[in-house]
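Examination of the molecular architecture
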Amino acid sequence: MIQRFRFGTPIETGAVMAKPQIFEAAFSELELLEDGFSTLLEQGEIVYGLGETVRGINKRGWLYESYCADEPEHREDKHALYGAHNFLLLSGKKGGPGREKPIGFFFDTPGRVMFDIGYSESERLRISFEDFSLELYVIKGDSLEQIVKEFRALIGRSYIPPRWAFGYGQCRWSYPTSDVVREVVKQHKEAGFPIDSLYLDIDYMERYKDFTISEQSFGDFDRLVAEMKQQKIHLVPIIDAGVKIEAGYDVYEEGKEKGYFCKDEDGEDFVVGVWPGKCHFPDMLNKDARAWFGRKYHRLLDKGIDGFWNDMNEPAIFYSEKNLKQIFARLEEFKKQNLDVKTFFEMTGLVAGASNNLEDHTSFYHHYSEISEEYSENKIRHDKVHNLFGYYMTKAAAEAFEELCPEKRILLFSRASYIGMHRYGGIWQGDNMSWWSHLLLNIKMMPSLNMCGFLYTGADLGGFGADVTEELLIRFLSFGIFTPLMRNHSALGTRRQELYLFDKQKEMLGILKMRYRLLPYLYSEYMKAALRGTMMFRPLGFVYEEDEIAREVEDQLLLGEEIMIAPVHEQNRTGRTVYIPERMKLLRFRDGELYGEEILEKGYVYIRMPLGDICIFVREGHKFPLAVFGKGKDCVCNTEEIDYQDLELLGFGEHLEAYEYYMDDGETKEYSLERYIRQL
Ligand code: GLC
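Residues numbered from 1 in each chain as written. Predicted model: local features only at pLDDT ≥ 70, side-chain atom pairs only at ≥ 80, totals over all residues. Heavy atoms only, no water.

Let us look at the overall build of the protein chain. A tally of regular secondary structure across the protein chain gives 17 helices and 40 strands. Oriented by its inertia axes, the alpha-carbon framework of the protein chain measures out at about 75 × 65 × 55 Å. When each of the 680 residues of the protein chain is scored for burial, the buried share is 63%. Within the protein chain, contacts between residues at least 6 apart in sequence are counted, and of these 74% link residues at least 24 apart. Accessible surface, the protein chain: about 25100 Å² in total, of which carbon and sulfur atoms supply 48%. Of the charged side chains in the protein chain, 83 are positive and 112 negative, and the gap between their average positions amounts to 2 Å. (Helix = DSSP H or I, 4+ residues; strand = E, 2+ residues; numbered from the N terminus. Buried < 20%, exposed > 50% of the residue type's maximum accessible area, 1.4 Å probe, protein only. Contact = heavy atoms within 4.5 Å. Areas by Shrake-Rupley, 256 points an atom, 1.4 Å probe, with all protein chains shown as cover. Lys, Arg positive; Asp, Glu negative; His and termini not counted. Charge placed at Lys NZ, Arg CZ, Asp CG, Glu CD.)

Further remarks concern the sheet that holds strand β16 (residues 263-264). Sheet architecture is open: 3 strands sit in the order β16-β21-β22, paired in antiparallel fashion. Because the sheet does not close on itself, it has two edges, and the strands there are β16 and β22 (379-381). Bridge analysis of strand β21 (residues 364-367) against β22 gives 3 bridges, and the strand direction is antiparallel. Residue pairing for β22: H366 is matched across the bridge by I380. (Pairing = 2+ DSSP bridges.)

Quick look at helix α13 (residues 470-480) now. Here α13 lies mainly inside the structure; 11 of its 11 residues are buried. Restricting attention to buried positions, one finds in α13 the residues E470, E471, L472, L473, I474, R475, F476, L477, S478, F479 and G480.

Enumeration according to the criterion identifies 54 aromatic pairs in this entry. Consider the rings of F7 and F27, whose centres lie 5.6 Å apart with planes at 80 degrees: the pair is edge-to-face. Of the two residues, F7 sits in strand β1 (residues 2-7) while F27 sits in the loop between β1 and β2 (31-32), which places them 20 residues apart along the sequence. For the pair F7 and F27, one class covers both residues: buried. Between F107 and F129, the ring centres sit 6.1 Å apart and the planes meet at 50 degrees, which makes this aromatic pair tilted. Taken together, the residues span a long stretch of sequence, with F107 in strand β8 (residues 103-108) and F129 in strand β10 (residues 124-129) at a distance of 22 residues. Note on accessibility: F107 and F129 belong to one class, buried. Grouping aromatic residues by their ring pairs yields a cluster made of F5, F7, F23, F27, F37, F105, F107, F115, F129 and F132. (Phe/Tyr/Trp six-rings, centres within 6.5 Å; stacked < 30°, edge-to-face > 60°.)

With that settled, the discussion passes to unusual backbone geometry. Residue S174 is bonded to the preceding W173 through a cis peptide linkage, with omega at 10 degrees. With respect to the helices and strands, the residue S174 is situated in the loop between β12 (168-170) and α2 (178-191). The omega torsion across E314 and P315 is 0 degrees, close enough to zero to call that bond cis. Within the secondary structure, P315 is located in the loop between β19 (307-311) and β20 (319-320). The residue R55 is not glycine, and still its phi comes out positive at about 70 degrees. Positionally, R55 belongs in the loop between β4 (46-49) and β5 (62-66). Of the residues examined, R55 reaches a relative accessible area of 26% and is grouped as partly exposed.

Across all of its chains, the model carries 76 salt bridges by this definition. Between K408 and D306 there is a salt bridge; the shortest N-O distance is 3.9 Å. One end of the pair, K408, is in the loop between α11 (389-404) and β23 (411-414); the other, D306, is in the loop between α7 (298-301) and β19, with 102 residues separating them in the sequence. Overall, K408 belongs to the partly exposed group, its relative accessible area being 37%. With its nearest N and O atoms 2.6 Å apart, the salt bridge here joins E648 to R517. Of this pair, E648 sits in strand β38 (residues 647-652) while R517 sits in helix α14 (residues 505-532), and the two are 131 residues apart along the sequence. Each of R4, R6, E12, K19, E135 and E374 takes part in salt bridges that share partners, so that together they form one network. (Salt bridge = Lys/Arg side-chain N within 4 Å of Asp/Glu carboxyl O.)

A few words now on the site of the ligand. Taken together, the residues surrounding the ligand are W173, D201, I202, I238, W275, W309, D311, R415, W428, D431, F464 and H489. One nitrogen or oxygen atom from the side chain of D311 is found 3.1 Å from an oxygen atom belonging to the ligand. In this structure, an oxygen atom belonging to the ligand sits 2.5 Å away from a side-chain N or O atom of D431. Counted by class, the shell around the ligand contains 7 nonpolar, 1 polar and 4 charged residues. (Near = heavy atom within 4 Å. Polar contact = N/O pair within 3.5 Å; in protein donor to acceptor, adjacent residues only side chain to side chain. Nonpolar A, V, L, I, M, F, W, Y, C, P; charged D, E, K, R; others polar.)

Time to look at the environment of D108. Inspection of the secondary structure assignment puts D108 in strand β8. For D108, a relative accessible area of 2% gives the class buried. Separated by 98 residues in the primary sequence, D108 and P10 have C-alpha atoms spaced 8.3 Å apart. If we ignore the near neighbours within four places in the chain, the residues touching D108 are T13, A15, V16, L134, E135, Y137 and Y418. Separated by 2.7 Å, the side chains of D108 and T13 make a polar contact. Within the structure, D108 has its side chain in polar contact with the side chain of Y418 (distance 2.6 Å).

Let us look at the side chain of E246. With respect to the helices, strands and loops of the structure, E246 is situated in the loop between β15 (243-244) and α5 (250-258). The class of E246 is buried, set by a relative accessible area of 18%. Polar side-chain contacts of E246 include one of 2.8 Å to the side chain of K244. Filtering out sequence-adjacent residues up to four positions away, E246 remains in contact with R207, K209, Y252 and E253.

With that settled, the discussion passes to the packing of helix α12 (residues 436-451) against α13. Orientation of α12 relative to α13, taken along the N-to-C sense of each, is 5 degrees, at an axis distance of 10 Å. With respect to α13, the axis of α12 lies roughly parallel. The segment α12 lies against α13, with W436, H438, L439, N442, I443 and M446 engaging E471, L472, R475, F476 and F479. The residue inventory of the contact of α12 with α13, partitioned by class, reads 7 nonpolar, 2 polar and 2 charged. (Axes fitted to C-alpha atoms, helices over the stretch in contact; angles between N-to-C directions. Parallel < 35°, antiparallel > 145°, perpendicular 65-115°, else oblique.)

Across the sheet, which stays open at both edges, the 5 strands sit in the order β2-β3-β10-β9-β5 with antiparallel pairing between neighbours. The sheet terminates laterally at β2 and β5, the two strands that pair on one side only. The pairing of strand β9 (residues 113-117) with β10 spans 5 bridges and is antiparallel. Bridging across to β10, D116 finds its partner in R126.

Here it is, written out as structure tokens:
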């Protein structure tokens, strides 16, 4: 059951598809405060939710902020990452003194929200709003899954990518020329690694101008796309939020002429610095500007491109012209001074604070077409609607694709997001680091994101910033083979991460083979989760609600109804302790082949997991499909070569439930559970 409440004068976000009537009775689920809500948390009660953010699956014990952040330091002392996902799900301890049934809350507002989840007071949840205006949806049900399902029905069906987007993708900031792109693909092929996509980072553009192609480095772009197509490689270019200010650059000229850029207080186009230097932000909240920006993607679609990643759309700001002027003026003053402890750090802070400066967010404005009836004008200051920018940039692209190529699925994912954007595209988990803790964070974020509707997601495998080690890369891949987006990406100046550069290629190849063998299952699970509004990845506590140990496990996940995974996420480990929440069968794979089986009883067990081995735990009474590569073939090269019909089924138990296998053509949009599910 969903109840809708209204506080203040909420700004529309577009997150909810069909709003239920406002609930008439007085609001009593939470205590009402001047700036938000509060409630006591009982001992052992779990707080799930918040999608993409720091820390655990159980969010208790920290202060989170909902304000999309360009935050490459995903450390646990941070409060926000790139997404703003204001959904909480409270799950009390069975038989405990407090709430008997789980309850969900969606705080729908585009501005800043603070979630103090047992931080100031360990047994209290406090939610406060910079602007206490919101639509609040309270969702009640008998189980966590039922609540998630109702919530997902409220916010609409999750984005569905083309099937090739479940293949392995390789990225680097940057592959600077088309010949380098060719070489990277060639090396993958020569080493026998299956691969479906290669990502183009900012250097494919002419001096970082959106929708241009560098004549100098990618002069043969059309030929490159054609060659790649022949090799079944999809090129996926990046699109940034800022449009370069440059006379003669048509996107800039048009945007300026039509008044499509965000404005400053005086109505002038607001100037920020991003990759190309001075830029304007297209006003993604203005529907005309959005339609205009979205249609620009056709330039790349027309060249045969069928996938994009939208970046820097929190939006990230290196500096604003206005603030930079002030900084330079202050620096002139500093020049004349004898810098002491105070002034020296003031000076360095001044420069460091130029980026993503919150004052800049209060210095520019949108013309928000759908702001809501209660607002007499459409002009709104950016900070009030900050969390919608990346969402609406992605909506711009998705709506244009719908118009430009309505039949075809286009790959689209974004860095910034808000709930609602999950209908238009996926997200990647931003600029993580080659750190072990970020592998663990990747694991923990999957179910939290699934609850909020984000199914097409994954982290930069190997880690984006910092230098990877071979061992970390292998462990990242060993988890990444289960995530819908499986992309290896790394930053400028860090150690290269292409698999063919490492010694343990045999292990890596075995892991990738496993991905391609799992693909029918992963795709089927993805489609069912999208079409039914369920989660592909669930925390153990969702299924074993009465098992107190299972409720605390955060580094093991259930994938679908059939299997559990328990990745190694620590250095120098050849195995790990796994909690088995019910009788299960362990299947061990090496080089993509099953080589060991073992029945495990409920309880803790130490499992050996040498580098390269993939362990899958099958629940009793269940089976799942794996692709077979055909006679004489020990792998395939890409997702197209997989035989999605002739499958091997692996299961555990005497009486196995039939596996509901969803398989469509993977390209068009005629999704249908009735038509495409068959029982295996
Ligand atoms: C941002 C993106 C990253 C990309 C880089 C250069 O940091 O998050 O993925 O490689 O910009 O475009």
